[in-house]
Structure formats: C-alpha cells, structure tokens
Amino acid sequence: PVSKTPLAKLIDTIPVQPRRQSAAAGAAAAGAGALIPFAGPAGAGPAAAAAAAALGGVAAPPQQKAIMAVINERGTSSAAVSRRLASKWPRPAWHAPWKLYRVISGHLGWVRSIAFDPSNEWFVTGSADRTIKLWDTGSGQLKLTLTGHIEQITGLAVSSRHPYMFSASLDKEVKCWDLEHNKVIRNYHGHLSGVYCLALHPTLDLIMTGGRDSTCRVWDMRTKTQVYALGGHTNTVSSVLTQPTDPQVITGSHDSTIRMWDLRKGSTLATLTYHKKSVRALAGHPSEHAFASGGADNIKKFKLPNGDFLHNMLQQQRSIINALAVNEDGVMASGGDNGSLWLWDWRSGNAFQQQDSIVQPGSLDSEAGIYALAFDGSGSRLVSCEADKTIKMWREDEAATPHTHPVNFKPPKDIRRF
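Numbers given for residues are sequential positions, taken from 1 along each chain in its written order. Two thresholds apply to this predicted model, a pLDDT of at least 70 for residue-level local features and 80 or more for giving and counting side-chain atom pairs, whereas whole-chain, interface and lining totals are computed over all residues. Water and hydrogen atoms play no part in the side-chain values, which are based on all heavy atoms of the structure.

A word on the pattern of salt bridges
Move 1: Basic side-chain nitrogens of Lys or Arg form a salt bridge, by our definition, when they fall within 4 Å of a carboxyl oxygen of Asp or Glu. If you walk through the whole model with that rule in mind, you get 8 salt bridges.
Move 2: Note that Arg217 and Asp213 form a salt bridge whose closest N and O atoms lie 3.1 Å from each other. The same class applies to Arg217 and to Asp213, which are both buried.
Move 3: Between Glu386 and Lys392 there is a salt bridge; the shortest N-O distance is 2.9 Å.
Move 4: Each of Glu386, Asp388 and Lys392 takes part in a single network of salt bridges with overlapping partners. Burial classes follow relative accessibility: with a 1.4 Å probe on protein chains only, a residue under 20% of its type's maximum area counts as buried, one over 50% as exposed, and anything between as partly exposed.

Structure, rendered in structure tokens:
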C-alpha cells in the first residue's frame with residue numbers, strides 16, 4: 001500500500017463530483033490561489049460542497065476545519081499551502097556582489113573601530129596598538145597617527161558640526177580631539193571600566209558611551225559633565241545607536257537585551273528581549289525608520305519608534321556578529337568573529353553574498369575576525385577592520401549583472417516563525 005500523508009488521506013475521503021466550470025479554468029484559478037465558489041447543481045448536498053473543496057472551491061465548514069487541522073499539524077504542511085503563504089514574502093532586489101579591492105596594513109594590533117569624516121575625504125581607525133590612524137579614502141594613504149590612549153581603542157566618531165573627533169578606549173577614557181590642532185582637548189571621566197562603544201547625538205551636543213560597567217553614559221560635549229548614567233542593563237553595553245527622534249538612544253548589551261531610552265527623563269522606554277545571545281552590533285537604516293541588531297543567534301530587524309519586531313534575517317551566519325552597517329541602497333553588511341562577511345538585502349532579509357575574509361600573509365587562520373564595518377558617505381565603498389591587523393576596502397563588482405549573478409532566494413517555508 002502507498003503511504004500517504006494525513007492530508008492526502010483526508011482528501012481521498014471526499015467524494016468527487018463533476019462541476020460546470022471547465023477543468024482548465026479551475027486549475028488556472030486554483031494555481032493563482034483563488035477560492036472558486038462552488039457552482040454545482042441546485043439542491044446539491046454536502047458531498048457536492050466537499051467535492052468543491054477538493055477542486056479548489058470553498059469547502060463546508062467542518063470539512064475545511066478538518067483539512068486546516070491537518071495542515072496546521074507540525075511537520076505535515078501541504079506543499080500548495082506553503083507555496084501560497086511564502087509567495088507573500090517580498091522578493092529581494094538584485095544587488096551586485098562586492099569584491100575586495102584594497103588591503104591596508106599599517107596598524108600593529110587588531111583594528112577595533114572606524115569612523116568616516118562627514119566630507120568623505122578621510123576615515124579614522126582605532127586599534128589594539130593604542131593608536132588612531134587617519135587614512136585618505138580615495139588612495140588609502142596614511143595621513144596621520146594620533147597617540148594618547150593607553151589601551152585598545154574600541155569606539156570612534158567624527159562630529160559633523162564641530163572640528164572634533166571622539167575616541168573611547170578600554171583604559172576607561174573618552175577623549176575629544178581637536179582636528180585643527182590634532183590634540184586632545186577634553187577628557188570625559190566617569191566610566192568604572194573599559195568603554196566598548198561610542199556614538200554622537202545627530203542634533204544635540206551629546207556623546208553616548210557604553211561600557212563594561214553595564215551603563216550607557218550621556219556626556220555634555222562642551223562642559224564634560226555627565227548628563228545621565230543610563231542604568232538597567234545587567235551586563236556590558238557593547239553597542240549604542242543614536243537618532244534625532246525618540247527613542248534617541250538605543251543600546252545593545254551582553255545581557256541579550258536591547259533597551260530604548262527616553263533622553264528627557266533618563267529612563268528606559270522599552271526593553272526588547274528577542275535575542276537569546278549578546279547583542280554586539282546595532283545599525284540604523286539611513287532613511288527608513290528601522291534598525292537591525294546582530295547577535296550570535298540571529299540578525300533581527302525592528303521598526304521604530306516602538307521597537308516592533310519585523311523579522312529575522314532568512315539565513316544564519318553561525319558566528320558571533322561583531323559589526324553591522326547599512327547603506328542607502330538597502331545593502332546590509334555583517335561581520336563575524338570568524339572572518340565571515342555577509343551581505344544582505346535589507347527589505348527581504350536575504351543574504352545575497354556569503355564570503356570569508358582572507359587573512360594577510362604571516363597571520364594565523366584564527367586571526368580572521370571582523371571587528372568593525374562602515375560604509376563611506378556615498379555607500380559605494382565598504383571598509384572592514386579586522387583581527388589580522390588590516391583594513392580591507394570593498395566595492396561592488398561593476399562587471400556583474402543579474403544574469404551572471406542571479407538572486408538565490410528561497411522564500412521562508414514556515415511563515416509563523418516571523
């Protein structure tokens with residue numbers, strides 16, 4: 001005997017009766033996902049209605065309930081139903097694959113942080129060799145080396161409204177550098193342990209820093225005073241995101257939560273507990289009111305201002321995600337602790353490119369690891385900061401077309417997960 005699924009057995013029990021509509025038209029409508037009203041002979045009974053269900057029409061309620069009960073049983077979903085549900089998922093836009101075009105080796109330690117100048121002419125990187133280096137974006141030439149920290153530099157930001165740069169380090173220091181004189185002009189004291197991340201408020205003169213003391217501290221840029229110590233996380237605050245509208249501060253922590261903060265009261269607006277692992281990376285979309293968060297479990301997308309969970313990315317990178325970056329074209333890059341650099345279509349959550357960074361000669365394979373990622377001002381160049389002491393620059397492959405690199409997309413089968 002042929003073994004059949006419960007759904008097939010159930011459909012076999014339904015008596016089939018002829019119907020007026022042509023089989024070809026019925027099949028076409030059923031294929032298009034339409035529910036065809038049963039046009040049986042007058043006075044037709046439940047058997048006819050059941051036949052309609054078998055042919056794609058509307059079944060009588062008990063029969064329909066029985067079919068849906070079987071479909072909803074885990075593991076025995078009808079292929080037709082799965083296909084119809086999955087087709088609602090947005091198709092990913094085609095993006096050209098990205099290729100490595102420059103490797104800069106100048107640091108003597110892991111490269112931990114990066115920030116672009118608002119004019120896009122240069123960018124800065126901070127390293128475990130305790131220096132900050134300033135590089136020309138176009139040529140990749142070293143322009144300047146700044147020293148002053150006594151530990152790894154984990155956070156950098158360049159102000160778009162002042163000639164200032166800010167750096168955060170594991171030596172508990174947050175420094176303000178005057179880029180006209182290349183000197184430290186202010187120190188912000190208060191963190192009780194290493195500082196892991198730093199962000200500038202886009203419209204106010206405020207700096208946000210998060211660290212191993214489980215707080216996100218808000219500093220007045222000019223007076224050096226601590227405005228708030230945003231407390232609530234129970235572990236290291238490893239990522240911070242700022243935006244001009246509420247919630248103006250979003251923090252991700254090793255306690256696997258994301259907190260959104262009310263900057264007027266200095267208190268938590270909401271706590272997002274969707275992640276199961278440390279949230280080491282946050283990235284806001286440049287134009288959409290949404291952000292992504294990366295942990296070892298998954299990359300998730302949230303809608304602002306309320307922090308509504310949208311969906312997980314469709315593939316799993318299976319690595320600790322240290323860095324995320326998004327550009328205007330809807331390309332998101334994620335960098336893993338194992339050197340994997342994945343590129344995603346923002347809208348659909350599909351990974352259109354999965355590649356591993358190659359360590360520079362003389363390095364161990366275990367030194368493949370990406371600590372920071374940033375797109376330049378135009379979004380056409382991606383810079384990755386790595387554990388093999390290099391800075392790698394990537395750009396889109398201009399020769400690629402949708403024919404040479406077609407989109408490999410499988411819509412998610414189990415839509416209830418999202």
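Once you've had a look at it, read on.
So, the packing of aromatic side chains
Move 1: Aromatic contacts are taken between Phe, Tyr and Trp rings whose centres are within 6.5 Å, Trp giving its six-membered ring; a plane angle under 30 degrees counts as stacked, one over 60 as edge-to-face, and the others as tilted. Taken as a whole and assessed by the stated rule, the structure comprises 11 aromatic pairs.
Move 2: Centre to centre, the rings of Trp98 and Phe375 are 5.6 Å apart; their planes meet at 70°, and the pair counts as edge-to-face. One end of the pair, Trp98, is in strand β1 (residues 98-105); the other, Phe375, is in strand β26 (residues 370-375), and 277 residues separate them in sequence.
Move 3: Here Tyr164 and Phe166 contribute two aromatic rings whose centre-to-centre distance is 6.4 Å and whose plane-to-plane angle is 90°, an arrangement assigned as edge-to-face.
Move 4: Residue Phe166 is classed as buried on the basis of its relative accessible area of 0%.
Move 5: Grouping aromatic residues by their ring pairs yields a cluster made of Tyr164, Phe166, Tyr188 and Trp219.
Move 6: Positioned above the aromatic ring of Tyr371, the side-chain terminus of Arg112 is 5.1 Å from the ring centre.
Move 7: Criterion for a charge above a ring: Arg CZ or Lys NZ at most 6 Å from the ring centre, at most 35 degrees from the ring normal. Across the ring face of Tyr101, the terminal group of Arg395 is positioned such that the distance to the ring centre comes to 4.2 Å. By definition, any uninterrupted DSSP run of H or I lasting at least four residues is a helix, any uninterrupted run of E lasting at least two residues is a strand, and each is numbered from the N terminus.

Some details on the side chain of Asp345
Move 1: Mapping Asp345 onto the fold places it in strand β24 (residues 340-345).
Move 2: Neither His nor the chain ends contribute to the count of charged residues, in which Lys and Arg are positive and Asp and Glu negative. Look at Asp345: it is buried, it has no salt bridge, and the nearest opposite charge is Arg347 at 6.1 Å.
Move 3: In protein, a polar contact requires one atom able to donate a hydrogen and another able to accept it; more generally it is a pair of N or O atoms within 3.5 Å, and residues adjacent in sequence count only if both atoms are side-chain atoms. Side chain to side chain, Asp345 and His95 meet in a polar contact 2.9 Å long.
Move 4: When sequence neighbours within four positions are dropped, the list of residues in contact with Asp345 reads Pro92, Ala93, His95, Gly330, Asn350 and Phe352. Should any heavy atoms of two residues lie within 4.5 Å, those residues are counted as being in contact.

What to know about the sheet that holds strand β15 (residues 249-253)
Move 1: A pair of strands counts as paired when DSSP detects no fewer than two bridges linking them. Taken in spatial order, the 4 strands make up an open sheet running β14-β15-β16-β17, and their pairing is antiparallel. Each edge of the open sheet carries a strand with a single partner, namely β14 (237-242) and β17 (267-272). Between one strand axis and the next, the sheet turns by 25° as a mean value, whatever way the strands run. Angles shown run from 0 to 180 degrees and are taken between the N-to-C directions of axes, each axis being a line fitted to C-alpha atoms and, for helices, limited to the stretch in contact.

These figures capture arrangement, not role.
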